[in-house]
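Here is what each chain is made of, one letter per residue.
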Amino acid sequence: MIKLKHTLVFFTSLLFTVISAGVSAQDIGEEAIAIDTVVKVPTDYYGLRVGIDLSKPVRSFLDDNYTGFEVVGDFRIKKNYYLAAELGNETKVTDLPNIENTTKGSYVKAGFNYNAYENWFGMNNLIYAGVRAGFSSFSQELDSYTIYTTNPLFGDDTRLDSQDFSGLNATWLELKLGLEVELFSNIYLGVNVQIKRSITTKDPDGYANLYIPGFGKVTEDSTVGVGYGYTLSYLIPIFKK
């Protein structure tokens, strides 16, 4: 009987020891999970992303009548909102059957982007819609023009005397749709399309603007322009949340 009591006491003590060890192990496991969970909290980077529009130098190489360069940038201010801007310079020769004209000037576009893409853990890609206000300052040089005549005896009169028109400007609003994909750490490749609506233009006296840097080709029957871009940019992380 005494041995039985000692045996029961021994096994009871052993049972309490095992239960206590199990509880301690569970607590340690929960703490490890909690620590692991804290470590794996997704990180959002906030910083300045700067780059260039690749379509400009490529077009400059392929088109003898065009030279252009554009710097792009954005800065994240909230989870899905970015301040954004583009700054560029273009020279475009418009060569038509009855006129040859050279446009030179610079432009700036500023506004914001809204990122509609919900990133997975560790990702910082964008699928965005943006709005820009654009301003361009430029000059037009009328290189040559032809005065059309219906009289077959004289033929068309081609004038080669160059005329310069400086101090021209234009403003417009722009809707921009695009995406940015992180290829490597902090390096992004992007593509975008732009729909533009002309607001104001200053035309030369007795002449019309044929091309506006930053806006594009100008037509008489439409105030709408379109554009596109391929960007390569680098994110400079400033802080993270």
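Throughout, residues of each chain are indexed from 1 in the direction in which the sequence is written. Given that the model is predicted, a residue must reach a pLDDT of at least 70 before its local features are reported, and side-chain atom pairs must reach 80 or more before they are shown or counted; all residues, however, enter totals for whole chains, interfaces and linings. Note that water and hydrogens are dropped before the side-chain values are worked out from all heavy atoms of the structure.

## Regarding the overall build of the chain
In this text, helices come from DSSP runs of H or I with a minimum length of four residues, and strands from runs of E with a minimum of two, each type numbered from the N-terminal end. Each helix and strand counted, the chain has 2 helices and 11 strands in total. In the chain, the order of α-helices and β-strands from amino to carboxyl end is α-β-α-β-β-β-β-β-β-β-β-β-β. A buried classification covers 32% of the 241 residues belonging to the chain. Contact between two residues is taken to exist if any of their heavy atoms lie within 4.5 Å; hydrogens are not considered. Partitioning the intrachain contacts of the chain with sequence separation of at least 6 by distance along the chain shows that 64% fall at a separation of at least 24. Per-residue and other accessible areas were derived by the Shrake-Rupley procedure at a 1.4 Å probe size, with only the shown protein chains allowed to occlude residues. If you sum the accessible surface of the chain, you get close to 15300 Å²; carbon and sulfur atoms cover 65% of it. Working definition: with a 1.4 Å probe on protein chains only, accessible area under 20% of the residue-type maximum means buried, over 50% means exposed, and in between means partly exposed.

## A short note on the nonpolar core
Across soluble globular proteins, you tend to see nonpolar side chains buried next to one another. Judged by nonpolar contacts, Ile99, Tyr107, Phe138, Leu142, Phe165, Leu168, Ala170, Trp172, Tyr207, Leu210, Ile212 and Phe215 together constitute the single largest core of 12 residues. Contributions of two or more residues to this core are made by β4 (99-115), β5 (126-147) and β7 (163-184). Element by element, the count of residues in this core is highest for β7, at 4 residues. Contact partners of alanine 170, with chain neighbours within four places excluded, come to Gly134, Phe135, Ser136, Phe138, Thr200, Thr201 and Ile212. Buried residues of nine kinds, namely Ala, Val, Leu, Ile, Met, Phe, Trp, Tyr and Cys, make up a nonpolar core once their side-chain atoms join them within 4.5 Å.

## Some points on the pattern of salt bridges
By salt bridge we mean one thing: a side-chain nitrogen of Lys or Arg within 4 Å of a carboxyl oxygen of Asp or Glu. Summed over all chains, the structure comprises 5 salt bridges. The salt bridge partner of glutamate 86 is arginine 132, with a shortest N-O separation of 3.1 Å. One end of the pair, glutamate 86, is in strand β3 (residues 81-96); the other, arginine 132, is in strand β5, with 46 residues separating them in the sequence. The same class applies to glutamate 86 and to arginine 132, which are both buried. Here lysine 176 ties to glutamate 86 by a salt bridge, and the two come within 3.1 Å at their closest N and O atoms. Of this pair, lysine 176 sits in strand β7 while glutamate 86 is found in strand β3, placing the two residues 90 residues apart along the sequence. Take lysine 176: its relative accessible area is 4%, and that puts it in the buried class.

## Considerations on the confidence of the model for the chain
A residue-level look at the chain finds 74% of positions with pLDDT of 70 or above and a mean pLDDT of 81. Confidence per residue, as judged by the predictor, is encoded in pLDDT with a range of 0 to 100. The least confident element of the chain, judged by mean pLDDT, is helix α1 (residues 2-39) at 45; the most confident is strand β2 (residues 66-76) at 97. Of the regions scoring below 50 in pLDDT, residues 1-12 engages in 0 contacts with residues more than four places distant in sequence or in other chains. Predicted confidence for residues 21-40 stays below pLDDT 50, and this span has 1 contact to residues more than four positions away or in other chains.

## Notes on the side chain of lysine 109
Relative to the helices and strands, lysine 109 is located in strand β4. Its relative accessible area of 2% is what places lysine 109 among the buried residues. Polar contact criterion, stated in full: a pair of N or O atoms within 3.5 Å, where within protein one must be able to donate a hydrogen and the other to accept it, and residues adjacent in sequence count only if both atoms are side-chain atoms. In this structure the side chain of lysine 109 is engaged in a polar contact, spanning 3.3 Å, whose partner is the side chain of glutamate 174. Contacts of lysine 109, omitting those with residues within four sequence positions, involve Glu70, Ala84, Ala85, Glu86, Arg132, Ala133, Gly134, Trp172, Glu174, Gln194 and Gly214.

## Description of the packing of aromatic side chains
Put simply, two rings from Phe, Tyr or Trp (the six-membered ring, in Trp's case) pair if the centres are within 6.5 Å, and we call them stacked under 30 degrees between planes, edge-to-face over 60, tilted for the rest. Applying the stated criterion across every chain yields a total of 4 aromatic pairs. Their ring planes at 65° and their centres at 5.8 Å tell us that tryptophan 172 and phenylalanine 215 sit as a pair that is edge-to-face. Taken together, the residues tryptophan 172 in strand β7 and phenylalanine 215 in the loop between β9 (211-212) and β10 (216-217) connect sequence positions 43 residues apart. Across the pair, phenylalanine 215 and tryptophan 172 agree in class, each one buried. Remark: a charge is flagged as sitting over a ring if the NZ atom of Lys or the CZ atom of Arg is within 6 Å of the ring centre and within 35 degrees of the ring normal. Positioned over the ring face of tyrosine 46 is arginine 76, at 4.6 Å from the centre of the ring.

## Remarks on the pairing of strand β8 (residues 187-201)
By definition, two strands form a pair when at least two bridges between them are found by DSSP. Here β7 runs beside β8; their pairing, made up of 14 bridges, is antiparallel. Counted as the bridge partner of glutamate 174 is lysine 196 from β8. The turn joining β7 and β8, which pair antiparallel and follow one another in sequence, is formed by 2 residues; a positive phi near 70° is taken by asparagine 186. Looking at chain direction, β8 and strand β11 (residues 224-240) are connected through 11 bridges and run antiparallel. Counterpart to asparagine 192 in the pairing with β11 is glycine 229.

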